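Summary of the model geometry
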Amino acid sequence: METRMLLDNLDIGVVAIAPDWTVVEWSAPAARIAGLPADQVLGKGFWVAFPTAKGTHVEQTLQDVMFDGKPRAYLTPSPAPEFKGKVFETHVTRGPRNHLFLAFREMRAELSPESQASHILTAFEHERRFYRQLFDALPSPALVLSLDGQILEANPQATELLGAVQSDTLRGRQLADWTPTAERSAFATALREAMRQRQRIRVSIESGSEGTREVEAVIENVDLTDPKGIPRLLFLAVDVSQEVLLQRKLVQADRLSQLGALVSGVAHELNNPLAAIAAFAELLTVDAKDSHLRESADIIHAEAMRAGRVVQTLLDFARQRPRVHEPVDLQDVVERVLALQRSALKRARVKTVVTMANDLPAVIGDPQELQQVVLNAVVNGIDAIEAGGRPGTITIEARRTDGHISFTVDDTGPGLSPEALERVFEPFFTTKGDRGTGLGLTISRGLVKAVGGRLWLQNLEGGGARLTAELPAEAVAKEREPRSGFQPAGRLLSVLIVDDEASVRRGMTLMAERLGHEVRTVSDLKTALASLRDPGARYDALLVDVHLDEAHTGFDLFEELLQEGRGRERHVVFTTGDSVSAKTRDRLQRSERPVLKKPFNLEELREMLERVAG
C-alpha cells in the first residue's frame, strides 16, 4: 500500500514540518480535524498557517523537540466545528533530516457536557471569545507581535493602518516591513526592551496609498506568567499624523503672523513713495502738452497705482478682522488676485481668460475671504498646468443663476484621479506632495459655505478641472460707473496737509492745487497745532497722516481737536499706507473718520475733500 493511501486511511492526522518550519506533509485526517484543506497549508510556514500557536505552549513544545530530539505531547481543543467540545492529543517527534512529525488524534474519552473538564473548556472558550471581541473592538490599531516583530494578530483598525483588506493576510509577516529602513533598528530595540518593561515609541508606518503615517505606540509584554515562555507583545498605536501636520501648520501660521507684521512695515515704506510717484505722474498726465510725455506719465501713474493695489491686496490677506457680509465686486476681486499672481502665471506659461458681464450683480460675502477663495482656485490651476510641463489656460467666468452667481475657474491641466476627486476637500489631503498643505480647498469650502454658498470640483471632458462656487447675489444689481478722469472741484476749499515725508507732501499739495484748492502743508504735530491755533486760520479739510514721527501720530492731532470742542475734528481725513496693525485699525474705527489709502488719484482726493468740507 502506498504511503499516501496509508496516511489518508489512518484515524490520526499526520503533519511533517521541515527545519525551516515549512509544512511538507498534511494528511487527509489532518485536514479534516484541523478544518484546513491541504492546498491552504502545504508549502507554507507553520506559523503563517497557525499564527495563534505562536507564543503558546505549542511553540514551546515544538521548539524543545527541535532542540533536543526528545518526543513530547500536548493537548489542544479542536478548531473544527464538527469536533466542538473535543480535545486532541498531539505527539511530536524529530525524524530524519531534523523534520518534526506531528501525530494528533481525539482523546479516547469524549468529554460529556456535564463533566467538569467540559465546563472548564467551555469557560475557556467563552473567555477567549470575549478577549477576541475586546481586541477587535479597540478604536486604536492593535497588534500582537512575537519578540522578533512577527505579526500574530491584528485588529480591524491595525489592518486598515497597514493597508490590508483582511487581518489574515498580515499574520506571519514582519511589522518592520512597513517601517522605514532607518527606523528598524530602534524598533527592534524597543521590542527587546519590552520584555522587561513597557516601551513608548514613535514610528513611521508606510501604508501604501495613504502615504506615511506617524504613530505613537505602546509595546507591552502580555505573557508574563511563565518566565521561560515565549513572550507575546501587544503593540497599541495612536495615529498622530494629523497632529504632526497640525503642529507644522501652527508653526507655519506663526511664521505667517510674523510675515504679516513685516508686510505692515513694508507697506508703509512702499506706499508713501508710490503716493508721491502717482501724484506727480497724474499731474503730468493732466497738464502735459506733449503727447509722448503725457503717454509716459500715464504709464508711470498706472504702474504706481497697480503697485499700490498689489501692496493693498497683501495687507488684506495679512489682516485679521471680524467676518463681514457686504456686497462685493467679484470682478475687482479677480483683478486683484491676478495682479498678485502675474509673475507666477508668466513663469508657468499660463494665459488667463476672464469672462464677466458688466451688469453682473455683486455677491454677498466677506471681500477678504472671497479673495482667498479665488486665490486658492487660481494657484491650484497654475500648479496643475505647471505639473503637466506644457503651457495652459485658466478660464474664469461668472454668470447669473437663480438668485446666485455661478463662478467657475477652469484649468487645462491633467485633472484629478477618481480617488483624489473623492478626497480633495479632506483636511491635509494633497496631490502636491511636500509643496502642498492640503488645506486650501478645505478652507475655501468652509468660507463659501459661511456665506450661504456651495463649492465643488469636477473633471472636464478632454482634460482639466473646474472649480465651481455658487455664491449669493445682491438683490438689485447696480450699474458700474465707468472709470474716467477727474472732475474739477465744485468750490474752493482751504486744505491743511500734515505729513512727515516731503515728497508725499509736495505731491498731495500739487494735486489739491490742481483741483483748485488753497493748500498749506506742515511736517509735524507741533507745527500743525501752531497753525491751527492761529486766530485767522480756517480749514475746510485736514489731510493728516496716521504716522508722523517716532513720538507722535495723527491721532494725537485728532485728540487735540476733539478736546477743544469746536467741531474741527469733523474735517479730518486720515491718510495712510498701512492699516494692518490691530491698534491702528481700532483707533481709526473709534475716530469714525474717513481714510484715504495711499496711493490715491485726483478723483478720489476730490470726492474726499468735498465730503469732509460739507
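Preceding this section is the structure that the text describes.
The text that follows walks through the structure, step by step, so that each part is easy to find. Since we're looking at a predicted model, the values are computed, not measured. (Residues numbered from 1 in each chain as written. Predicted model: local features only at pLDDT ≥ 70, side-chain atom pairs only at ≥ 80, totals over all residues. Heavy atoms only, no water.)

What follows is about the environment of Asp540. Structurally, Asp540 can be placed in the loop between α16 (525-533) and β20 (541-545). For the pair Asp540 and Leu496, spaced 44 residues apart in sequence, the C-alpha separation works out to 8.3 Å. With near-sequence residues (within four places) excluded, Asp540 lies in contact with Leu492, Leu493, Ser494, His571, Val612 and Ala613. Among the polar contacts made by the side chain of Asp540, one reaches the main-chain amide nitrogen of Ser494 at a distance of 2.8 Å. (Helix = DSSP H or I, 4+ residues; strand = E, 2+ residues; numbered from the N terminus. Contact = heavy atoms within 4.5 Å. Polar contact = N/O pair within 3.5 Å; in protein donor to acceptor, adjacent residues only side chain to side chain.)

Judged from the 3 bridges that link them, strand β1 (residues 13-17) and strand β2 (residues 23-26) form a sheet pairing that is antiparallel. Counted as the bridge partner of Ala16 is Glu25 from β2. Counting the residues between successive antiparallel strands, the hairpin from β1 to β2 contains 5 residues, one of them, Trp21, with a positive phi of roughly 70°. (Pairing = 2+ DSSP bridges.)

Within the largest apolar cluster, 39 residues are counted, with the highest numbers of intra-cluster contacts made by Val378, Ile394, Ile396, Phe407 and Leu471. Sequence-distant contacts of Phe407, defined by excluding residues within four places in its chain, comprise Leu330, Val334, Val374, Ile396, Glu397, Ala398, Leu467, Thr468, Ala469 and Leu471. (Core = buried A, V, L, I, M, F, W, Y, C linked by side-chain atoms within 4.5 Å. Buried < 20%, exposed > 50% of the residue type's maximum accessible area, 1.4 Å probe, protein only.)

Let us now look at helix α15 (residues 502-514). With 13 residues, α15 extends 18 Å from end C-alpha to end C-alpha; this agrees with the ideal 18 Å at 1.5 Å per step. Val504, Arg505, Gly507, Met508, Thr509, Met511 and Ala512 are the residues of α15 that are buried. Backbone geometry just after α15 places Gly516 at a positive phi near 105°. (Expected span 1.5 Å × (residues − 1).)

A word on the packing of aromatic side chains. Counting across every chain of the model gives 3 aromatic pairs. Each residue in the set Phe555, Phe558 and Phe574 is aromatic and connected to the rest through ring pairs, giving one cluster. One cation-aromatic arrangement involves Arg445 over Phe425; the distance from NZ or CZ to the ring centre is 3.7 Å. (Phe/Tyr/Trp six-rings, centres within 6.5 Å; stacked < 30°, edge-to-face > 60°. Lys NZ or Arg CZ within 6 Å of the ring centre and 35° of its normal.)

Tallied over the full model, the rule gives 17 salt bridges. Glu603 is the salt-bridge partner of Arg606, the closest N and O atoms lying 2.4 Å from each other. Of this pair, Arg606 and Glu603 both sit in helix α19 (residues 602-613), 3 residues apart, which is roughly one turn of the helix. For Glu610, the salt bridge goes to Arg606, with nearest N and O atoms at 3.1 Å. Residue Glu610 and its partner Arg606 are both found in helix α19; the two are separated by 4 residues, about one turn of the helix. Accessibility expressed as a relative area gives 31% for Glu610, which makes it partly exposed. Salt bridges sharing common partners tie together Asp499, Asp545 and Lys598. (Salt bridge = Lys/Arg side-chain N within 4 Å of Asp/Glu carboxyl O.)

With that settled, consider the packing of helix α10 (residues 330-340) against helix α12 (residues 367-388). At their nearest, the axes of α10 and α12 sit 9 Å apart, and the two run at 50° to each other. Relative to α12, α10 is oriented oblique. Taken as a pair, α10 and α12 cross one another with a handedness that is right-handed. Between α10 and α12, the contacting residues are Val333, Val334, Arg336, Val337 and Leu338 on the first element and Leu370, Gln371, Val374, Leu375 and Val378 on the second. Here the residues of the contact of α10 with α12 sort into 8 nonpolar, 1 polar and 1 charged. (Axes fitted to C-alpha atoms, helices over the stretch in contact; angles between N-to-C directions. Parallel < 35°, antiparallel > 145°, perpendicular 65-115°, else oblique. Left-handed = near helix turned anticlockwise from the far one by under 90°. Nonpolar A, V, L, I, M, F, W, Y, C, P; charged D, E, K, R; others polar.)

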